[in-house]
Amino acid sequence: MSTEVTLLGVRHHGPGSARAVAAALERLRPDAVLVEGPPEAEPVLGLAAAKDMVPPVALLAHAADDPARAAFWPYAEFSPEWVAIRHAVDRGVPLRFIDLPAGHSFAEGGDGGAEEDAALPRDPIARLAEAAGHDDPERWWEDVVEHRRPADGEDALAPFAAVAEAMAVLREDGGASLRDRQREAYMRGRIRAARRAGHRRIAVVCGAFHVPALERTPTVAEDRALLAGLPKKVRTEITWVPWTHRRLSQLSGYGAGIVSPGWYRHLHRTDGDPLPGWLTRAAGLLRAEDHPVSSAHVIEAVRLARALAGLRGRPLAGLTETLDAVRAVMCGGSDVALALVRDRLVIGDALGSVPEDAPAVPLQRDLARLQRTLRLRPAPEPRDLDLDLRKETDAARSRLLHRLRLLGVDWGVPVRSQVASTGTFRESWRLCWQPEFAVRIAEAAQWGTTVERAAVGKAVGTARAAAELAELTGLVETCLVAGLAEALPAVMRVLADLAALDTDVAHLARALPALVRALRYGDVRGTDHTALGEVAGGLADRIRVGLPPACTGLDAAGAAVMRVHLDEVHGAIGLLGGDDGLADRWAGTLRSLARREPSGGPATGVPGLLRGRAVRLLLDDGRLDPAEAGRRLGLVLSTAGSPADAAGWIEGFLSGGGTLLLHDPRLLGLLDAWLTGVPAAVFTDLLPLLRRTFATLEAGVRHTVGSRVAAGPLDSGDAGPAAEAAEVDLARAGAALPVVALLLGLPAGADAEAGSAAGSVVGSAPGADRPRIPRQAGGRDT
């Protein structure tokens, strides 16, 4: 070590290294502190002393012209670099970051960040542990560094001298990459600059792996030669952002790979024995989750952890011994309860904070303002949020969350509501803030300076780049729920143009349901959706015209896909409603599908799956008489038809539910007669399809159908269900009509009208038209 420059080699995010750095800096009292980090951060380092700066935090740097090229440098309160930063800013000592500028890495297309383990590569630790006779490198490092407490009177610089000596031996055979050597050359240049500035007591805090290289004194020319190959650095913007312990614990992405940040923070904060305090916290956590844990459990857990450390030859009980004691004493051997301790205490949900005056893009400032106004505090732990869109604040919250999702910031994710409600005025979200959202916000800043303006810009840009009709209709739905009325005209123009050119019925069928769902949001959100209704109606008519030809000649896989589209379009048209006759025209399309039987082979007609589904939809809508449905089933099941086509017809017919087989004995009799008459060889081929069809029926329906078949011969004649129906007591039925009318929201006196209609239904012959209760706004036919 130089008399002017003291190298403090550390392991990033190590509590032992942090304590040692604090002691060494108090001993040295340097007049300049140099820290391994990006020099671009120097203008914002003074914010580390602000009252609102609470670790864990991270430096966020990104290329000014491309925010997607970004990097984080995270710091916890137990990070040695953070200790050095606070020492310098609290005492007014000049502070410099000396690592290679992030702008060079951004110019190369990299992320500009530090290496995954910038303190000590894993192989050197393993070699040191092996030389000491240990087979677990991490545990060895904790014993000799992280858990170590200096003895009274011990030189504060002694640990760093020992680490430097070990690293020098390991680096005798090289092993450093070109990027490491370039970083070290740049660091040596920054140390020379500090000397030229007149500083005489310089403390350098860097990864221990770099110490031997920084002790060397190559010429300035040699270092410049190493740096000559670097690309020209790009302009970089940098600021502070909040970080979390959970993100520190992750190895991938922007994590630091610290598996126990909560435990490390406890070690850093505790001067004496860390066991009693930590186990007391574990006991409190378990008691809060209704586990019976007493103070006696804490005492026994402390004793067991210390005994395990002694048996394993460790100077102090580490995390392994502590968790073993918690499992055995407090959790009764349960790994489920132990998982709670690992999640809440070993890792933890700590979220840092940064001052409001930290540099930030205008979009970030607007988001922070909205979070305060709407009382939505970012938190790293997931929490559920139920919104009532009839309330102004909840509606504003919903718009904010939808706009952020459009910008790629999934702070909130829609979930199924735990409250029993079918109204469109209710939304449920699961909120969980992630630190990397800061990068996505910086990326989204290109679209606007406020959340609303950025969301509008992103929606319009996405629409102009869209190639799929379904993508556009989904975007329209997002614009409506996000309250982006300004973006809708531009998006609708692109949608109308693309819809006019698209001739693929499957594409149109995928697009229509999203448009109809978007129309439904207009009622509760007060959105003008006249233009949207016109586009939806036009799509529905184009689907109606093109569907029969598109369904002709499909194979089994194509028919299965088209059946899904058929159901979705049918439901969407039912929700569209209106007085323009669309529902009647759609019913005509279904009748056309049902009649297109293959006459010259499968390629000449509509598959049985789709014909049967069309018949069922007409029957459920009251547009087809049950007797006519039975007649069609009889024709399909005749010997002239293909058994495979008949099986597909049955699958489509029953996919809406099998209760009609219970209410119409004739249909069940026809099906039973056909099934028992299928030749044995053909039956073997049909069995998988039939099993799949009947497996979708309700368990009660399957049980009742089986009971009726087992009871004896079934009637497959011409008698309809009404012929065998028991006479209805109109007086008893009429008593329920007022309640039914109230539930349906019908006007006063409607129960009498409905009672008269019900009487006409009961007295009518099979095949007569059934009256229908008018559809209510936003509802379905009843």
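Going by the structure above, here's the rest.
Note that this is a predicted model, so its numbers are computed, not measured.

### Quick word on the overall build of the chain
Okay, so step 1: Broken down by element type, the chain carries 36 helices and 10 strands.
Okay, so step 2: The burial tally for the chain puts 46% of its 782 residues in the buried class.
Okay, so step 3: By sequence separation, contacts in the chain at least 24 residues apart represent 75% of the contacts at least 6 residues apart.
Okay, so step 4: Total accessible area computed for the chain in this model is approximately 36,700 Å², and 53% of it derives from carbon and sulfur atoms.

### What about empty space enclosed by the protein?
Okay, so step 1: Across all of its chains, the model carries three cavities of 30 Å³ or more by this definition.
Okay, so step 2: The wall of the largest cavity is formed by Leu633, Trp649, Ile650, Phe653, Leu654, Leu661, Leu667 and Leu671.
Okay, so step 3: For the lining of the largest cavity, the secondary-structure elements that each account for two or more residues are α28 (643-654) and α30 (665-677).
Okay, so step 4: Counting residues per element, the lining of the largest cavity draws most heavily on α28, which supplies four residues.
Okay, so step 5: Within the lining of the largest cavity, the residues separate by chemical class into eight nonpolar, no polar and no charged.
Okay, so step 6: The volume enclosed by the second largest cavity comes to roughly 40 Å³.

### What about helix α15 (residues 335-347)?
Okay, so step 1: Its maximal kink placed at Val341, α15 deviates by approximately 25°.
Okay, so step 2: Residues of α15 that are buried include every one of Ala337, Leu338, Leu340, Val341, Leu345, Val346 and Ile347, and no others.
Okay, so step 3: Looking at the buried side of α15, the elements it contacts are α10 (245-248), α11 (261-269), α12 (275-288) and α14 (319-330).
Okay, so step 4: Structurally, the start of α15 carries an N-cap: the backbone nitrogen of Val336 is 3.2 Å from a side-chain oxygen of Ser334.
Okay, so step 5: Directly beyond the C-terminal end of α15, a positive phi value near 90° is found at Gly348.

### Section: the pattern of salt bridges
Okay, so step 1: Under the criterion given, the structure shown has 41 salt bridges.
Okay, so step 2: Notably, a salt bridge pairs Arg195 with Glu4, separated by 3.5 Å at the nearest N-O pair. A residue pair is termed long-range when its members are at least 10 positions apart, and Arg195 in helix α7 (residues 178-196) and Glu4 in the segment before β1 (5-10) qualify at 191 residues.
Okay, so step 3: On the basis of relative accessibility, which here comes to 27%, the residue Glu4 falls in the partly exposed class.
Okay, so step 4: Among the ionic pairs, Asp324 bridges to Arg312, the shortest N-O distance being 3.0 Å. A residue pair is termed long-range when its members are at least 10 positions apart, and Asp324 in helix α14 and Arg312 in the loop between α13 (295-311) and α14 qualify at 12 residues.
Okay, so step 5: You can call Asp324 partly exposed: its relative accessible area is 21%.
Okay, so step 6: Among the charged side chains, a salt-bridge network with shared partners connects Arg312, Arg314, Glu321, Asp324, Arg327 and Asp335.

### Considering the sheet that holds strand β6 (residues 202-207)
Paired through their backbone hydrogen bonds, the strands of a sheet run either parallel or antiparallel.
Okay, so step 1: Read across the open sheet, the four strands follow the order β1-β6-β2-β5; overall the sheet is parallel. Lying at the two open borders of the sheet, with one neighbouring strand each, are β1 and β5 (95-97). Taking each pair of neighbouring strands and ignoring which way they run, the sheet shows an average axis angle of 20°.
Okay, so step 2: Judged from the four bridges that link them, strand β2 (residues 32-35) and β6 form a sheet pairing that is parallel.

### A closer look at unusual backbone geometry
Okay, so step 1: The step from Pro55 to Pro56 runs through a cis peptide bond, and the omega angle for that step is 10°.
Okay, so step 2: Topologically, Pro56 is positioned in the loop between β2 and β3 (57-63).
Okay, so step 3: The phi dihedral of Asp290 is positive, around 70°, even though this residue is not glycine.
Okay, so step 4: The topology assignment puts Asp290 in the loop between α12 and α13.
Okay, so step 5: Judged by relative accessible area, Asp290 falls into the exposed class, the value being 71%.

### A closer look at the nonpolar core
Okay, so step 1: Formed by 84 residues in total, the largest nonpolar core has its most connected members in Val476, Leu512 and Trp674.
Okay, so step 2: In terms of nonpolar packing, the next biggest core, distinct from the first, is built from 41 residues, Leu60, Phe72, Leu275 and Trp278 among them.

### Overview of the sheet that holds strand β8 (residues 383-388)
Okay, so step 1: Read across the sheet, three strands follow the order β8-β10-β9 without closing on themselves; strand pairing throughout is antiparallel. Among the strands making up the open sheet, the edge pair consists of β8 and β9 (412-414). On average, each strand axis in the sheet is tilted by 35° relative to the strand beside it, whichever way the strands run.
Okay, so step 2: The pairing of β8 with strand β10 (residues 426-431) spans six bridges and is antiparallel. Paired with Asp388 across the strands is Arg426, a residue of β10.
Okay, so step 3: Packing against the sheet, helix α17 (residues 392-406) makes contact with β8, β9 and β10, and its axis sits at approximately 125° to β8.

### A look at the pairing of β6
Okay, so step 1: A large share of β6 lies buried, amounting to six of its six residues.
Okay, so step 2: Both β1 and β6 contribute to a ladder of six bridges, which runs parallel. Paired with Thr6 across the two strands is Ala203, which belongs to β6.

### Here's the deal with the packing of α12 against α15
Okay, so step 1: Closest axis-to-axis distance for the α12/α15 pair is 10 Å, and the angle between their directions is 120°. The angle between α12 and α15 places the two elements in the oblique class. Remark: the crossing between α12 and α15 carries right-handed chirality. In this structure, α12 contributes Trp278, Arg281, Ala282, Leu285 and Leu286 to the contact, and α15 contributes Ala337, Leu340, Val341, Arg344, Leu345 and Val346.
Okay, so step 2: Residue composition of the contact of α12 with α15, by class: nine nonpolar, no polar and two charged.

### Observations concerning the packing of aromatic side chains
Okay, so step 1: Under the criterion given, the structure shown has eight aromatic pairs.
Okay, so step 2: Seen from their ring centres, Phe78 and Tyr264 are 5.9 Å apart, and the 85° between their planes marks the pair as edge-to-face. Here the residue Phe78 occupies a position in the loop between β4 (66-75) and α2 (80-91), and Tyr264 occupies one in helix α11, the gap between them amounting to 186 residues. Pair check on accessibility: Phe78 and Tyr264 agree, each one buried.

### Overview of the pairing of β1
Okay, so step 1: Counting buried positions over the six residues of β1 gives six, a clear majority of the element.
Okay, so step 2: Residues Val5, Leu7 and Gly9 of β1 are buried on one face, and the alternating residues Thr6, Leu8 and Val10, pointing to the opposite face, are buried as well.

The rules behind the values
- Residues numbered from 1 in each chain as written.
- Predicted model: local features only at pLDDT ≥ 70, side-chain atom pairs only at ≥ 80, totals over all residues.
- Heavy atoms only, no water.
- Helix = DSSP H or I, 4+ residues; strand = E, 2+ residues; numbered from the N terminus.
- Buried < 20%, exposed > 50% of the residue type's maximum accessible area, 1.4 Å probe, protein only.
- Contact = heavy atoms within 4.5 Å.
- Areas by Shrake-Rupley, 256 points an atom, 1.4 Å probe, with all protein chains shown as cover.
- 1 Å grid on protein atoms, 1.4 Å probe; cavity = no way out; pocket = protein on both sides within 12 Å on 5 of 7 lines; lining within 4 Å.
- Points joined across faces, edges and corners; volume = space filled by probe spheres on them.
- Nonpolar A, V, L, I, M, F, W, Y, C, P; charged D, E, K, R; others polar.
- Bend = angle between axes of the 7 residues up to and from the residue.
- Polar contact = N/O pair within 3.5 Å; in protein donor to acceptor, adjacent residues only side chain to side chain.
- Salt bridge = Lys/Arg side-chain N within 4 Å of Asp/Glu carboxyl O.
- Pairing = 2+ DSSP bridges.
- Axes fitted to C-alpha atoms, helices over the stretch in contact; angles between N-to-C directions.
- Core = buried A, V, L, I, M, F, W, Y, C linked by side-chain atoms within 4.5 Å.
- Parallel < 35°, antiparallel > 145°, perpendicular 65-115°, else oblique.
- Left-handed = near helix turned anticlockwise from the far one by under 90°.
- Phe/Tyr/Trp six-rings, centres within 6.5 Å; stacked < 30°, edge-to-face > 60°.

Read these as spatial facts, not as claims about activity.
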